[in-house]
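The primary structure of each chain is shown beneath.
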Amino acid sequence: MARGFHGAAMDEIAVRAGVSKPVLYQHFPGKFELYLALLDEQIDALVQSIKTALATTVDNRARVEGAVSAYFEFVDGDSQAFRLLFESDLLNHPSVRERARAGLADIVEAVASMIMHDTGTSPDRAGLLSAGLTGMAEMSARWWLDRRLAIDRAEAVDLVVALVWRGLSAFPAHDEAAATQP
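Residues numbered from 1 in each chain as written. Predicted model: local features only at pLDDT ≥ 70, side-chain atom pairs only at ≥ 80, totals over all residues. Heavy atoms only, no water.

Confidence in the prediction of the protein, expressed as mean pLDDT, is 82, and 79% of residues score 70 or more. Ranking the helices and strands of the protein by mean pLDDT puts helix H7 (residues 123-147) first, with 92, and helix H9 (residues 174-179) last, with 46. Across residues 175-182, where pLDDT falls below 50, the model places two contacts with residues more than four positions away in sequence or in other chains. (pLDDT = per-residue confidence, 0-100. Helix = DSSP H or I, 4+ residues; strand = E, 2+ residues; numbered from the N terminus. Contact = heavy atoms within 4.5 Å.)

The following block contains the structure:
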């Protein structure tokens, strides 16, 4: 589906998948159902990658680095499957839009939970900060990839992490915030 949903034919998809067209139809009633299955798979992969990055350490800077790196790895994958989630010609279809929103909401919620836990900030404030952080990671990764900047992926991740961390680290840790309360 490199040419988009409407540009892909089931014959071509079957050939690229290494199966016959009847086998493809045994698993998916049509092209749209196949698309939704691929979309779900990619959303799940990104959500899991971010959640793993957040759960792997208690060091917040390392968490930020892991989450930003997960976005860069996702967009830089060989399959370019990230385009299903971020650039599809079907993003206005209700089923696609709802799946994409739910997946991105899972990511924002996971990051917001970490922010709330570590800073003691309210759910609404943590959600807003999380949406900004995840949006920055996504857009930075896509910008980098689309322009094939003369910056390797590791340096690009480091630059974005430095920017994010400078802002996020200004929020006191929960224990520090409680200690400064009268």
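The next thing to look at is helix H8 (residues 153-168). For H8, spanning 16 residues, the distance from its first C-alpha to its last is 22 Å, which sits close to the expected 22 Å at 1.5 Å a residue. Listed in full, the buried residues belonging to H8 are Ala-156, Val-157, Val-160, Val-161, Ala-162, Val-164 and Leu-168. Buried residues along H8 sit in contact with helix H4 (60-75), helix H6 (94-119) and H7. (Expected span 1.5 Å × (residues − 1). Buried < 20%, exposed > 50% of the residue type's maximum accessible area, 1.4 Å probe, protein only.)

Right, let's talk about a negative patch on the surface for a bit. A surface patch of like charges, here negative, comprises Glu-41, Asp-44, Asp-106 and Glu-109. Secondary structure elements with two or more residues in the negative patch: helix H3 (31-55) and H6. Considering the arrangement of structural elements, one finds Glu-41 in helix H3. Assessed through its relative accessible area of 49%, Glu-41 is described here as partly exposed. (Patch = residues over 30% accessible without salt bridge, like charges linked within 9 Å, V, L, I, M, F, W, Y side chains within 5 Å. Areas by Shrake-Rupley, 256 points an atom, 1.4 Å probe, with all protein chains shown as cover. Salt bridge = Lys/Arg side-chain N within 4 Å of Asp/Glu carboxyl O. Lys, Arg positive; Asp, Glu negative; His and termini not counted. Charge placed at Lys NZ, Arg CZ, Asp CG, Glu CD.)

A few words on the packing of H7 against H8. Relative orientation of the contacting elements H7 and H8 amounts to 155 degrees, with a least axis distance of 11 Å. As summarised for this structure, H7 and H8 are arranged roughly antiparallel, according to the angle between their axes. Pair H7 / H8 crosses with right-handed handedness. Judged by residue contacts, Leu-133, Met-136, Ser-140 and Trp-144 of H7 engage Arg-153, Ala-156, Val-160, Leu-163, Val-164 and Leu-168 from H8. (Axes fitted to C-alpha atoms, helices over the stretch in contact; angles between N-to-C directions. Parallel < 35°, antiparallel > 145°, perpendicular 65-115°, else oblique. Left-handed = near helix turned anticlockwise from the far one by under 90°.)

This part is about the side chain of Arg-63. With respect to the element layout, Arg-63 can be found in helix H4. Of the polar contacts made by the side chain of Arg-63, one reaches the side chain of Asp-118; its length is 2.9 Å. In contact with Arg-63, not counting residues within four places along its chain, are Ala-53, Leu-54, Thr-57, Val-58, Met-114 and Asp-118. (Polar contact = N/O pair within 3.5 Å; in protein donor to acceptor, adjacent residues only side chain to side chain.)

Turning our attention to empty space enclosed by the protein. Tallied over the entire structure, the rule returns one cavity of 30 Å³ or more. Of the volumes computed, that of the largest cavity is approximately 120 Å³. Of all the secondary-structure elements, those providing two or more residues to the lining of the largest cavity are H3, H4, H6 and H7. For the lining of the largest cavity, the leading source of residues is H4, giving five residues. A breakdown of the residues in the lining of the largest cavity according to their chemical character gives twelve nonpolar, one polar and one charged. (1 Å grid on protein atoms, 1.4 Å probe; cavity = no way out; pocket = protein on both sides within 12 Å on 5 of 7 lines; lining within 4 Å. Points joined across faces, edges and corners; volume = space filled by probe spheres on them. Nonpolar A, V, L, I, M, F, W, Y, C, P; charged D, E, K, R; others polar.)

The next point concerns the nonpolar core. In this structure, Leu-46, Ile-50, Val-68, Tyr-71, Phe-72, Leu-85 and Phe-86 are the most contacted members of the largest nonpolar core, which totals 42 residues. Listing elements by their share of this core, those giving two or more residues are H3, H4, helix H5 (82-86), H6, H7 and H8. Here this core takes nine residues from H3, the largest share from any one element. The residues touching Ile-50, leaving out its near neighbours within four places in the chain, are Ala-67, Ala-70, Tyr-71, Ile-107 and Val-111. (Core = buried A, V, L, I, M, F, W, Y, C linked by side-chain atoms within 4.5 Å.)

On to the pattern of salt bridges, then. In this structure the tally under the stated criterion is four salt bridges. For the salt bridge of Arg-63 with Asp-118, the shortest nitrogen-to-oxygen distance reads 2.9 Å. One end of the pair, Arg-63, is in helix H4; the other, Asp-118, is in helix H6, with 55 residues separating them in the sequence. Note that Arg-153 and Asp-76 form a salt bridge whose closest N and O atoms lie 3.2 Å from each other. Linking Arg-153 in helix H8 with Asp-76 in the loop between H4 and H5, this pair joins segments that are 77 residues apart in sequence. We classify Arg-153 as partly exposed; its relative accessible area is 31%.

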